Structures are given as structure tokens and as C-alpha cells.
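Chains, contacts and geometry: an overview
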Amino acid sequence: MSKEIKKEKILVTSALPYANGPLHIGHLAGAYLPADIYVRYQRLKGNDVVYICGSDEHGVAITIRAEQDGVQPKQIIDRFHELNKRSFECFGISFDNYSRTSLPIHHETGQEFFSDFYQKGILKKKKEKQFYDEAARMFLPDRYVEGTCPNCQFPEARGDQCEKCGSDFNQTELIDPKSKITGKTPVLKETFHWYFPLGDFQEGLKKYLDSHPEWKQNVKNYCYGWLKQGLKDRAITRDLQWGVKVPLEEARDKVLYVWFEAVLGYISSTKEWAQKIGEPDRWRDYWQNENCKLVHFIGKDNITFHAIMFPAILMAKKGYTLPDSVPANEFLNIQGDKVSTSRDYAVWLEDYLENFPPDSMRYCLASIAPETKDSDFSWKDFQTRNNSELVGILGNFINRSLTFIDKHFDGRVPQQKQHDELDYWILKQISEAPKKVGDQLERFRVRQALKAFMNVARDANKYFNDKEPWRTVKEDSELCGATLNICVQVSKTLAILMEPFLPFSAEKLWALLNQEGDIHGQNWFAAGKEFIPAGHQLAKPEILISKIEDKVIAAEVEKLKAKSQTVGKGEGKVSEEKSSLISFAQFKNIDLRVARVLTAERVENTDKLLRLEVEIGEEKRQIIAGMAEFLAPESMIGKLVIVVANLQPAKIRGLESQGMLLAAENDSGELSLITVDKEIGTGAKIR
RNA sequence: CGCGGGGUGGAGCAGUCUGGUAGCUCGUUGGGCUCAUAACCCAAAGGUCGAAGGUUCGAAUCCUUCCCCCGCUACCA
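Residues numbered from 1 in each chain as written. Chains lettered and ligands numbered in written order. Predicted model: local features only at pLDDT ≥ 70, side-chain atom pairs only at ≥ 80, totals over all residues. Heavy atoms only, no water.

Looking at the pattern of salt bridges
The final tally for this structure, using the stated rule, is 36 salt bridges. Salt-bridge contacts for Lys-254 lead to Asp-239; the nearest nitrogen and oxygen are separated by 2.7 Å. Remark: Asp-239 occurs in the loop between strand 11 (237-238) and strand 12 (255-256) and Lys-254 occurs in the loop between strand 11 and strand 12; sequence separation between them is 15 residues. For the pair Lys-254 and Asp-239, a shared accessibility class is recorded, and that class is buried. Among the ionic pairs, Glu-556 bridges to Lys-559, the shortest N-O distance being 3.5 Å. Of the two residues, Glu-556 and Lys-559 are both situated in helix 19 (residues 550-565); the distance of three residues between them amounts to about one turn of the helix. Assessed through its relative accessible area of 8%, Glu-556 is described here as buried. Judged by relative accessible area, which is 36%, Lys-559 ranks as partly exposed. Each of Asp-36, Arg-40, Arg-362 and Glu-499 takes part in one network of salt bridges that share partners. (Salt bridge = Lys/Arg side-chain N within 4 Å of Asp/Glu carboxyl O. Helix = DSSP H or I, 4+ residues; strand = E, 2+ residues; numbered from the N terminus. Buried < 20%, exposed > 50% of the residue type's maximum accessible area, 1.4 Å probe, protein only.)

Description of the protein's contact with RNA strand B
Near RNA strand B there are 48 residues, and of these Asn-221, Gly-299, Asp-301, Lys-373 and Arg-400 occur at the shortest range. Backbone atoms, meaning sugar and phosphate, make up 70% of the atoms of RNA strand B lying within 4 Å of the protein. The side chain of Asn-20 places a nitrogen or oxygen atom 2.7 Å from a sugar or linking oxygen of RNA strand B. One nitrogen or oxygen atom from the main chain of Ile-545 is found 2.6 Å from a base nitrogen belonging to RNA strand B. When contributions to the surface near RNA strand B are tallied by element, the ones reaching two or more residues are helix 1 (25-44), strand 13 (292-299), helix 13 (379-408) and helix 15 (446-467). When residues in the surface near RNA strand B are grouped by element, the largest group, twelve residues, is from helix 13. (Near = heavy atom within 4 Å. Polar contact = N/O pair within 3.5 Å; in protein donor to acceptor, adjacent residues only side chain to side chain.)

Side note on the environment of Tyr-195
With respect to the helices and strands, Tyr-195 occurs in strand 9 (residues 187-197). Of the residues examined, Tyr-195 reaches a relative accessible area of 12% and is grouped as buried. For the pair Tyr-195 and Gly-278, spaced 83 residues apart in sequence, the C-alpha separation works out to 37 Å. Residues within four places of Tyr-195 in sequence aside, it is in contact with Leu-123, Lys-124, Lys-126, Glu-128, Asp-233, Arg-234, Ala-235 and Ile-236. (Contact = heavy atoms within 4.5 Å.)

Description of the side chain of Gln-429
Mapping Gln-429 onto the fold places it in helix 14 (residues 421-442). Excluding residues within four positions of it along the chain, Gln-429 makes contact with Lys-436 and Asp-459.

A short note on the packing of aromatic side chains
This model, assessed by the stated rule, comprises 38 aromatic pairs. Ring centres of Trp-379 and Phe-382 lie 5.3 Å apart, and the angle between their planes is 85°; on these two criteria the pair is classed as edge-to-face. Linking Trp-379 with Phe-382, this pair stays in helix 13, spanning three residues, or about one helical turn. For Trp-379, a relative accessible area of 1% corresponds to the buried category. Ring centres 6.5 Å apart and planes at 90° place the aromatic pair Phe-397 and Phe-464 in the edge-to-face group. Taken together, the residues Phe-397 in helix 13 and Phe-464 in helix 15 connect sequence positions 67 residues apart. Each member of the pair, Phe-397 together with Phe-464, is buried. Within the aromatic cluster, the residues linked to one another by ring pairs are Phe-113, Phe-117, Phe-196, Phe-201, Trp-259, Phe-260, Trp-283 and Tyr-320. Directly above the aromatic system of Phe-192 lies the positively charged group of Lys-254, at a separation of 4.1 Å from the ring centroid. Geometry around Trp-283 places Lys-271 over its ring, the cationic atom sitting 4.8 Å from the centre. (Phe/Tyr/Trp six-rings, centres within 6.5 Å; stacked < 30°, edge-to-face > 60°. Lys NZ or Arg CZ within 6 Å of the ring centre and 35° of its normal.)

Considering the sheet that holds strand 13
With parallel pairing, the five strands of this open sheet are ordered in space as 3-2-1-13-14. Edge positions in the sheet fall to strand 3 (97-100) and strand 14 (328-329), since each of these pairs with one other strand and no more. Relative to strand 2 (residues 48-55), strand 1 (residues 9-14) is paired through five bridges, and the arrangement is parallel. Across the sheet, Ile-10 pairs through a bridge with Val-49, a residue of strand 2. Packed on one face of the sheet, helix 10 (residues 303-317) meets strand 13 and strand 14 and runs near 145° to strand 13. (Pairing = 2+ DSSP bridges. Axes fitted to C-alpha atoms, helices over the stretch in contact; angles between N-to-C directions.)

This is the structure in C-alpha cells:
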């Protein structure tokens, strides 16, 4: 029944999330949501698209986490694989297969690539000395050795480079090396590894990159930067137990390095998918087919692996499709600060889902997707986007249309009649919309696409307003009916166009329109063109998307604030111990002064904040302090207190705080002001 | 130092590749409407597009120089 348009074959992947922790909205915004939107759009277009992902379950970080938790690595990966898989499902990320790299099929694939390279003589075997932690009985990756920089004597240099002076060196050059795992001094032990000669592919990669001028600027910049420096041999094996075993007798205790093996997970996940659908060779249709478009959605930290190393691996293997595009996104910050998993400063998917619907976050993240630069998520912005855009513009149009028909036309789609100018205008808008939105999506511009989509809803509201059906219903019910008929057609168009962005709301709207079949299986290009006939019975109207209350948002903001303040507390065991001692120099950096409180008052609409004016010697300053719960402002006036005088000023509730007042706090949060035991004069130094 | 990113009305951002009336959301002000989730529509105020030069009939956009901010440290995409 459908005119067979030429189907495109597309294989889409999203970066394999590392199964040593939960997922946060930054992951979603970068690699998963844009990919899912793209994939859903391609499906509606009728293209043959397969969307592949899975858990990355190897690597040292997982074994270390397992040790910390006192469990087996398997328990860690099982836990996070299940958790993350479920989070993705709840957010509507529509993978065709979500695999895991611990499966036999993946180990086989990894070994196959290694063996192939080994037999072709591509790999170079190199002997080297590496640090070995005898207590942990393992070789130490660069990141897990620390010592004094041979160049600048900085005491906390990492195994491969010093962050203080920026110099690169070999981990064996470190002075007084220590294992970050046990804290013990490691010994040097000889070992050997196989290296993949990236340099041999320099020319091929250059040509490959040159053939993709359409790639995003940030991706090209990174890659050409790498090529300019010259590609070096890179080890593809490691001395570890956890991972894909190197398939050679002489390498019993070695595994494939994750960077090499994890990207192959895309291939093994596709193989698994093919098996599941009962056509075990189907994966070749995508991976070994020149006419298949391979698209990798990733975060910017992953660019070199996907745009340099993976293509090189595929070139070496021969017979595989090279990535056609690598849309890499930048990072998402949270309320102005970088995401920090160690500090638990993030919005975790599982937490979010307890309080809010997935589509609200999908909408928000799609509209602030970090496509060209890092972007910032804030709860306030999330609320505004949900309430004034999603609800106010989109939801409201649907609602006002459907309730109007319910009230005045018994929920049946009214008759159409001769169109007037406004009718033609809005019909033109909806018929052009699929192409407008689609053109942006083809170029991976999710924010633009979303905007184009929302413009339809904006136009729809304008149409409704200008046609004034609430007036014509009394004067000319035929005309009124014609207006609402068009509103229904607009709603249907919106349902299809919103599916990639807001799949859950699309489903709901499809049901409200009482349409047959699955919204996810509709035809993109029918949107705005195939209409619901007059007389069709609609379902009872319901609110499509709900508003989000201030209270809920305030609670989330508080949660984050608490976390950003507990730097070093909680999880960061390792770093905490080390940072518990400060040097005298560090102490001297803090300028503590005696000050007199001149005025003190509560800051309006806050529970804890006091606004104080203090005198420090000649100077007067405003300080905002969070002590109102335990200290009455009037009791403080005239007192001598201790302030940190050289603290960076900060805005708190719009008021600048030029310092910090010291107070003692016990476990229950009770406060007591610190003061001096005699009149010593304000501005006096504390030392 | 080097590499990368950024500097656009009160806030947050788009537009820069492919020069041609500076746009969006929020906020502010005024008006309209009352079907709708106090939602919707219209209008106004508000910008030397970091600075200076250059190319051009024409530059936010291309070129040069300079200034400022951020990242390149963290088991974070």
C-alpha cells in the first residue's frame, strides 16, 4: 500500500556507557537523546535503521570499584548494567539492542580482531618495564601511580604527565612513586605488550577525514589536531585479569586494552541483535555494506576513539564500513558547575524519574543540547521550559482545541468548509513542517529541529486566536466547526512531529485523537497531509503535559546545593585522607580578621540568611551568612566576630557577600559565634 | 607557553561554515482575548554583536592584531 521509497540503511550507535556507576542527564544530553531523536525520525521516514548500544564492562576502574566495595567485578557490572538499561528504557531511548561487553559474543569479536591483526603481522610486540604493585598483585596503569614530577618536583604528578608543569614523561621516571591503590611503593617489573601502529594509518585517516568536510567543526578540530601531532603506536593489551583475554598462549595474563575492545562492542551488539531476530548474518548488512550509513553519537571526550582509532581499526581489518558521521556533543554543566560523579554532583536519571515525567527532561535537554559548546542545565530553566513552552504553548493548544470540540461538538471532528486566508496559512505551515524539522535532524541539529517543531505549535495558537472560535461558535457554527476541524489536523501533525522528541506524549496524544495503530509506526511525510475525516469521534480530553510546581523545583535545587557544598565528604575516601593536612603556606593564605557587627537583619523570603554589615578596621562590608536559624539578628549587633576577609565575593540571593563569618557547628547543626575574649579593635589579624 | 572553546539587548542563548534589514526563550511595560493547564495573541522599550584595523557596494559573519573568560586535574558523556 505504501509507495516504496528508496530505503536507506543506517546503523546508529550511542557511546557504550561504562558500567561502574549510574547515568546522569549529561550522558543523556550528549550521546543518547540526540541519537534517539535521530533514530526515531529515521524510523518514521521508513528507513532501515538499527540502533545499537550496550554496557562497557571492562577496564581497571571496574576492578577497583569492585575492590573498594569488596565484591566481584561481575556484581558491579550486573548491577549497573541492569540499572542503566532500565533508566534508558524509562526515558524512551529506543535501542534495538542493548548488549554488554562481558558477553561471549563480544569476547569472540574482540579476539577475532586481535588474531586477525596478529596474523597479518600488523601488531608490534614491545618489551617494557612497568610499575607493579605487589600488594595488589597487579601492574599499575598510569593513572594509578603517583609521585614527584621529575621536572618540577610537584609531589602529586600522575604516571604519565604532570598537571603542574604540563610535562609528559614515562611513569618509570617518577620520583618516589606510590600506588594509588594500596599507597605502597611499586616495583619495576618487565612485561610486554602488543601495539597497534596508528601511525601507519595517518595517510589513510587524513584522506578519510578530508572526505567528510560536513562533519561538525569541533570533531574536525580535534582530529586534525591529533593528526598534526603525528599518530603513535598505541598499546592494545594490558596486564590484567578482568577483560577480553588475549587469544595467545604467551599472553595468559593479558587482556585487550579497553579502548581497543570497547568500540568493537558496537559490532558484537549488532551481532547479538541479528541472532535475536533469528537472522544471525544480518549484522553484515550494516557493518560490511558500503551503502550503510554508520553514525556514532558520542561525547567530546570520545572523539579520538571514534574518529581516529576506530576507523583505523576498521581499515586494518578490511571489509568494514567506516563511520559516516560522528556527531560528538560537548558537555552539560549543572547549575553553573561541572558534573562531578565523585562528589555526587549530578542529576541522576533514576532520581529524576522518581519525580518527573521523561518527556519534560527530553524536551529540556533537546532544547539546550550541547551541540556547539558546553551548555548549562538549571532546574529553574527546566521548570520554565516545561511550564511556559511545553505546557503553555504545545500542551495548551492541544487542550484548548480538544476541550472545545468536546464541549461544542460532542467530541466529533466537525465538517470542513471553504478555506479562508488564515486556513491556507496554517495548512501551509503544517504541510511544510515535516521537511523543516527533518532537514535539521538530518544535520544532527536537534535544538533547531525542536524549535522548528515548536514553531508549528506557536503558529497553531496564533491561528486559534485569530479565528476566535469562541465567538464564531455563537454566530456561525459552521465556520467555527471548520476552524476546529483544522485544529484537529494540526494536532495530528503535531503528534507525528513530536514523536522523536516526546515519544510518551505523542502516544498519549495519538490516543486522545482516537487514532488507530501505533504512533511510532506512522509516516513522517504524511504529517500535515493526511487528515482525520469529519465525524471522527475523539477521546475524552485530558491534560497532555502537567505543570511543575515551584516547590518541587526548589527541593531539587536544595539537593544540588547541599552536594556542591559537601566537597570531599562522603565518597571521596582516597582524596579525603590525603587532603586532611594543609601546609602552613595554605593556612597563611587565609586572612582572618576581627570585625564588629554594625547591623544585622533577616534576608526576606529566606529561612537561614542574615544580611550583616561589619566593620573591619576602616572598612565596612556586607556579609551574607546562613545563621538565622540559630542566631537572632539583634543579638549579634555590636559583637566582635571573626571573618574571612579575603574570601572571593559571592552572590547569595542576589546580595553580594564580601566575606564569611566564622561559627562553630555541632552535629545537629546548632551554631555558636566565634568571638574574641577582649576588646582588641576591629581589623586585628588572627594568626 | 601551547592546544581547544567562548565573549551578541536585564538573564540564558541562536545566528558565524554558505557576508545582505540582529533573532529566540525568559523578564519588564502597554494593549487584546476569555476557548484553554492564571494559559493564548499583539505591540513597545532595551544591543557600539569583546576592542581596533582590513577585505567588500555591504561584515556579528571573512582576514589580521589585541583584550578578557573557561576547559586542557578528577574513577565525568
